[in-house]
Amino acid sequence: MITVETLVNAPVRKVWNTWTNPEDIKKWNSASDDWHTHHATNDLREGGRFSSRMESKDGSMGFDFSGTYQKVNEHELIEYTIDDGRKVKVIFSGDGDFTKVTESFEAESENPEEMQRGGWQSILDNFKKYVESK
């Protein structure tokens, strides 16, 4: 498992809503400025599905990121399985005006772990920046 985390200067309700709303997901879900998510759906319930399409802004590369929710505890926890079989766990720890987001995921075998950690952390950092600017 690889773990990334951030401390967001916002209450857990705002953090949760921004994490799970498809219109917001399209605005924060990228690891760098030359990528974007132009499509996102989210059926946030146990057994529900999510999907997003991430692409380079020049259109030269892209991929779908989708899976199924196993566990959803509002404002606290999301567990899901990506369509390739890997497990992900996201913990939201609210404390007044701050929320710690901790995301743990099973590594894939195509890329080095440090590259995966860096990519997921960049997306999480972009999420923090977006929430705090709302």
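Please refer to the structure higher up on the page.
Bear in mind the structure is a predicted one, so any value in this text is a computation, not a measurement.

**Q** Any chance you could explain the pairing of strand β4 (residues 62-73) here in plain terms?
**A** Residues in a regular strand project their side chains so that they alternate between the two faces of the sheet. Inspection of the sheet shows strand β3 (residues 49-56) paired to β4 by seven bridges, in the antiparallel sense. Looking at β4, one finds that Ser 51 is bridged to Ser 66. Counted along the chain from β3 to the antiparallel partner β4, the turn is five residues long, and its residue Gly 59 has a positive phi close to 80 degrees. Linking β4 back to strand β5 (residues 77-82) in an antiparallel pair, the connection comprises three residues, with His 75 at a positive phi of about 65 degrees.

**Q** Sorry, what's going on with helix α3 (residues 113-133) here?
**A** The α-helix advances 3.6 residues per turn, and as a result positions three or four apart in sequence lie on the same side. Its 21 residues give α3 an end-to-end C-alpha distance of 30 Å, which sits within 8% of 30 Å, the value for a rise of 1.5 Å per residue. By the burial criterion, the buried members of α3 are Gln 116, Trp 120, Ile 123, Leu 124, Asn 126, Phe 127, Tyr 130 and Val 131. For α3, the angular spread of the buried residues around the axis is 150 degrees, confining them to a single face. Projecting away from the buried face of α3 at angles above 90 degrees are the exposed residues Glu 114, Met 115, Lys 129 and Ser 133.

**Q** What exactly am I supposed to notice about the sheet that holds β3 here?
**A** Backbone hydrogen bonds are what pair the strands of a sheet, in a parallel or an antiparallel way. Ordered in space as β1-β7-β6-β5-β4-β3-β2, the seven strands form an open sheet in which the pairing is antiparallel. The outermost strands of the open sheet, each flanked by one partner alone, are β1 (2-8) and β2 (35-42). Between one strand axis and the next, the sheet turns through 20 degrees on average, direction left out of account. Packing of helix α1 (residues 12-20) onto the sheet brings it into contact with β1, β2, β4, β5, β6 (87-95) and β7 (98-105), and relative to β6 it is tilted by some 150 degrees. The sheet contacts of α3 involve β1, β3, β4, β5, β6 and β7, and relative to β1 the element is tilted by about 15 degrees.

**Q** For this particular structure, what's the right way to read the nonpolar core?
**A** In summary, soluble globular proteins display a tendency toward joint burial of nonpolar side chains. Judged by nonpolar contacts, the single largest core of 31 residues is most densely connected at Trp 19, Tyr 80, Phe 92, Val 101 and Phe 127. Here this core gets six residues from one element, more than from any other, and that element is α3. Those residues in contact with Val 101, other than ones at most four positions away along the chain, are Val 4, Glu 5, Thr 6, Val 8, Val 15, Trp 19, Val 90, Ile 91, Phe 92, Leu 124 and Phe 127.

**Q** Mind showing me how you'd approach the side chain of Asp 24 here?
**A** Relative to the helices and strands, Asp 24 resides in helix α2 (residues 22-28). Its relative accessible area of 8% is what places Asp 24 among the buried residues. Dropping the residues within four chain positions of it, Asp 24 is found in contact with Asn 17, Thr 18, Tyr 130 and Lys 134.

**Q** Would you take a moment to explain the environment of Ile 2 for this structure?
**A** Tracing the backbone through its elements, the reader meets Ile 2 in strand β1. Residue classification places Ile 2 among the buried positions, given a relative accessible area of 0%. For the pair Ile 2 and Phe 105, spaced 103 residues apart in the sequence, the C-alpha separation amounts to 5.4 Å. Contact partners of Ile 2, with chain neighbours within four places excluded, come to Glu 103, Ser 104, Phe 105, Ala 107, Glu 113, Gln 116 and Arg 117.

**Q** Explanation requested: the pattern of salt bridges in the structure shown.
**A** Between side chains of opposite charge, pairing is possible as soon as their charged atoms come close. On inspection of all chains with the given rule, the structure shows ten salt bridges. Residue Glu 5 is joined to Lys 100 by a salt bridge in which the shortest nitrogen-to-oxygen separation is 3.6 Å. Residue Glu 5 is located in strand β1, and its partner Lys 100 is located in strand β7; the two are separated by 95 residues in the primary sequence. Lys 100 gets classed as partly exposed once you look at its relative accessible area, which sits at 35%. A salt bridge links Asp 43 to Arg 45; its shortest N-O distance comes to 3.0 Å. Taking the relative accessible area as the measure of exposure, Asp 43 reaches 33% and is therefore partly exposed. Members of the salt-bridge network, linked through shared partners, are Arg 53, Glu 55 and Asp 64.

About the cut-offs
Residues numbered from 1 in each chain as written. Predicted model: local features only at pLDDT ≥ 70, side-chain atom pairs only at ≥ 80, totals over all residues. Heavy atoms only, no water. Pairing = 2+ DSSP bridges. Helix = DSSP H or I, 4+ residues; strand = E, 2+ residues; numbered from the N terminus. Expected span 1.5 Å × (residues − 1). Buried < 20%, exposed > 50% of the residue type's maximum accessible area, 1.4 Å probe, protein only. Arc of directions from axis to C-beta. Axes fitted to C-alpha atoms, helices over the stretch in contact; angles between N-to-C directions. Contact = heavy atoms within 4.5 Å. Core = buried A, V, L, I, M, F, W, Y, C linked by side-chain atoms within 4.5 Å. Salt bridge = Lys/Arg side-chain N within 4 Å of Asp/Glu carboxyl O.

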